[in-house]
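Summary of the model geometry
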Amino acid sequence: RLRQILLNLLSNAVKFTHKGSVYIHVSVLKEEDGTATASQRTFKFNVRDTGIGISANGISKLFKRFSQVDSSKTRSYGGSGLGLAISKQLAELMSGTMGVQSEAANGSEFWFTASLLRPQEAPNPDEGALKKACKAMEGVAVALVAGKEGPLRSSLKLYLSKLGALVDCYNSTAEVPGTASVCFVCPVSGRTENGDLMVHSVMDGVIDMLEEHKSMRAVVLVPLPHQAEVSPYKKLPRVLIYVRPVRFGDLCAAALAASQPRPPTPSNREGETLRVLLAARNARQRTEKKAQMMCAGYRVKVIEQAQEALEAVKQGGYQAIVINNPVGLPGPELCALIRDSDTSLEAMPVIGIVSALEGDEHRRYLESGVSSVLPSSSEERELTLAVQGIRGRTVLTAQFGRYPWAFK
């Protein structure tokens, strides 16, 4: 009965919500409400959406058999008009009731109650992790970046507060102060105004935040559909990634892991901090390549504009430059300008990133004096080998296995 009601309410919520979100909230009615007994407990289920909403006149028709709020919408969305009527009957069979709050164009919130038998007391498998997490998080300053006010932010704040953490909420990672020890970040689904996936934009902000606050850790709770998108960031130092929806036990584990001693920052093979300039346009490529080099212990400066990147290189302080289609100039032209602008830059290791190794862009990179060329799909080891391996060596442009370069 419970499953059938929730399926009906959720299918309606998803059907009528073209943009925004759908949330389920479950609560236990308090003992003083007179709804709880020695053998039963009453639960309230709320299904909230940000869809098209229902007018006051439409609400009066909702729970009647074969009744539709708007016959014109039936042609667009389908439906027999029986789902809500049956759901209300099922709720009443569980000694509950059903209702709705809605306004046209402002979403809807359907709710129902159900009295369920109390289960026999059983040990909580998460109890041990909960105790450890509470001990580790007691009094810890936690920053929570979970969009605007809403169920996601309020529920996570509630859970973290129950662990003893001192939680403050922020709208973006740029607002998080250095006084926070741990930052929980919840990227949302969707795309930015530039068409890039929101998760890459958020990860870019996480990386910048951790560079600014050296003692902070980040726990990123990514939406299930985007778990593959964050795989390049899993090796980042001081970053823990979990997939949401996340259980309270998983949240305890994340909090416990975030409170452990900070691992040492990885260093490159020569034991020094290598400074690399990354000139890139695409947000995803920019963030992924920066993350790959940070995993190797490099200090990475990201610049989108080609002319700005050229000026930064002339000022010095960088040991390598990675070019990935910056704004203003094609990558090969930027490489040629770097080689021609100053004789001291002729030995500057320059790595060009191309979409395909066999193509016009690849050929033009080779003619511009680039040190090596890698595909945009290159992994961390390939990129770090290119940056490390070409330092202090004469590089020959050649075909070597899957790489278009080899070392002399």
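For the structure, check the block above.
Every residue gets a number counted from 1 within its own chain, in the order that chain's sequence is written. Residues qualify for local features only when their pLDDT is at least 70, as the model is predicted, and side-chain atom pairs are given and counted only at 80 or more; totals for whole chains, interfaces and linings, by contrast, use all residues. Based on all heavy atoms of the structure, the side-chain values leave hydrogens and waters out of the count.

**Regarding the overall build of the protein**
A count of helical and extended segments in the protein gives 13 helices and 16 strands. Relative accessible area decides the class of each residue, using a 1.4 Å probe on protein chains only: under 20% of the type maximum gives buried, over 50% gives exposed, and in between gives partly exposed. When the 408 residues of the protein are sorted by exposure, 43% land in the buried category. Summarising the internal contacts of the protein: among those between residues at least 6 apart in sequence, 64% fall at separations of at least 24. Summed over all atoms, the accessible surface of the protein reaches about 21300 Å², with 50% contributed by carbon and sulfur. A helix here means a DSSP run of H or I that spans at least four residues, while a strand means a run of E at least two residues long, and both kinds are numbered starting from the N terminus. What makes two residues a contact is simply this: any of their non-hydrogen atoms within 4.5 Å. Per-residue and other accessible areas were derived by the Shrake-Rupley procedure at a 1.4 Å probe size, with only the shown protein chains allowed to occlude residues.

**Quick look at the packing of helix 7 (residues 198-212) against helix 9 (residues 283-295)**
Helix packing geometry: the angle between the two helix axes and the distance between the axes. Interaxial distance between helix 7 and helix 9 falls to 9 Å at its minimum, and their mutual angle equals 35 degrees. The crossing of helix 7 and helix 9 is left-handed. Residues His200, Met203, Asp204, Ile207, Asp208 and Glu211 of helix 7 form the contact with helix 9, whose participating residues are Arg284, Arg286, Thr287, Glu288, Lys290, Ala291 and Met294. Under the convention adopted here, Pro, Cys and the residues Ala, Val, Leu, Ile, Met, Phe, Trp and Tyr are nonpolar, Asp, Glu, Lys and Arg are charged, and Gly plus all remaining residues are polar. Taken together, the residues of the contact of helix 7 with helix 9 break down into four nonpolar, two polar and seven charged. Between N-to-C directions, angles cover 0 to 180 degrees, with each direction set by a line fitted to C-alpha atoms, over the stretch in contact for helices. Handedness of a helix crossing follows the sense of rotation of the near helix relative to the far helix, less than a right angle counterclockwise being left-handed and clockwise being right-handed.

**Considerations on the sheet that holds strand 4 (residues 108-117)**
Between any two strands, at least two bridges found by DSSP are needed for them to pair. Taken together, four strands build an open sheet; the order of strands is 1-2-4-3 and the sheet is antiparallel. Every other strand in the sheet has two partners, leaving strand 1 (22-28) and strand 3 (98-102) as the edge strands with one partner each. Direction aside, the axes of adjacent strands within the sheet are offset by 20 degrees on average. Bridge count between strand 3 and strand 4: five bridges; the pairing is antiparallel. Within strand 4, the position partnered with Gly99 by the bridge is Trp111.

**Regarding the packing of helix 10 (residues 306-315) against helix 11 (residues 331-341)**
At a minimum axis separation of 10 Å, helix 10 and helix 11 run at an interaxial angle of 30 degrees. With respect to helix 11, the axis of helix 10 lies roughly parallel. Between helix 10 and helix 11 the crossing geometry is right-handed. Where helix 10 abuts helix 11, its residues Ala306, Ala309, Leu310, Val313 and Lys314 lie against Leu334, Leu337, Ile338 and Ser341. Residues that form the contact of helix 10 with helix 11 fall into these classes: seven nonpolar, one polar and one charged. An angle below 35 degrees is read as roughly parallel, one above 145 as roughly antiparallel, one from 65 to 115 as roughly perpendicular, and any other as oblique.

**Notes on the environment of Gly331**
Note on placement: Gly331 falls in helix 11. Judged by relative accessible area, Gly331 falls into the buried class, the value being 2%. Between the alpha carbons of Gly331 and Ser368 there is a distance of 9.3 Å; along the sequence they are 37 residues apart. Aside from chain neighbours lying at most four places away, what touches Gly331 is Ile323, Pro326 and Tyr365.

**Some points on the environment of Gly83**
With respect to the helices, strands and loops of the structure, Gly83 is situated in helix 4 (residues 83-93). Gly83 sits in the partly exposed class, given a relative accessible area of 29%. In sequence terms Gly83 and Ile5 are 78 residues apart; their C-alpha atoms lie 8.5 Å from each other.

**Structural notes on the sheet that holds strand 7 (residues 182-185)**
Note: strands within a sheet are paired through backbone hydrogen bonds, in either parallel or antiparallel orientation. With parallel pairing, the five strands of this open sheet are ordered in space as 6-5-7-8-9. The sheet is open, and its two edges are formed by strand 6 (166-170) and strand 9 (239-244), each paired on a single side. Going across the sheet, the axis of each strand differs from the next one's by a mean of 20 degrees, ignoring polarity. By the bridge criterion, six bridges tie strand 8 (residues 217-223) to strand 9 in an arrangement that is parallel.

**Notes on the environment of Ile52**
When you line up the elements, Ile52 lands in the loop between strand 2 (40-49) and helix 2 (56-59). In this structure, the C-alpha to C-alpha distance between Ile52 and Ala104, residues 52 residues apart in sequence, is 6.2 Å.

**A few points about the pairing of strand 13 (residues 350-354)**
Most of strand 13 sits inside the fold, with five of its five residues counted as buried. With burial as the criterion, each face of strand 13 is covered, one bearing Val350, Gly352 and Val354 and the other bearing Ile351 and Ile353. When strand 12 (residues 320-324) meets strand 13, the two strands line up parallel, connected through three bridges. Paired with Ile321 across the strands is Val350, a residue of strand 13. Clockwise travel from the first strand over the helix to the second, with the strands pointing away from the viewer, marks a crossover as right-handed. For the handedness criterion, the β-α-β arrangement of strand 13, helix 12 (residues 360-368) and strand 14 (residues 372-375) is classed as right-handed.

**Observations regarding helix 11**
Within the span of helix 11, buried status applies to Gly331, Pro332, Leu334, Cys335, Ile338 and Arg339. The buried side chains of helix 11 occupy one side of the element, clustering within an arc of 160 degrees when seen end-on. Each element contacted by the buried residues of helix 11 is listed here: strand 10 (275-280), helix 10, strand 12, strand 13 and helix 12. Summarising the geometry, the arc corresponds to the directions from the helix axis toward the C-beta atoms.

**A few points about the nonpolar core**
Here, nonpolar core refers to any group of buried Ala, Val, Leu, Ile, Met, Phe, Trp, Tyr and Cys residues whose side-chain atoms link them within 4.5 Å. Counting residues in each nonpolar core, the largest one holds 43 residues, and the members touching the most others are Val176 and Val322. Element by element, the count of residues in this core is highest for helix 7, at seven residues. Contact partners of Val322, with chain neighbours within four places excluded, come to Val276, Leu277, Leu278, Ala279, Met293, Ile351, Ile353, Leu383 and Val387. In this structure, Val140, Leu144, Leu163 and Ala258 belong to the second largest nonpolar core, which totals 22 residues.

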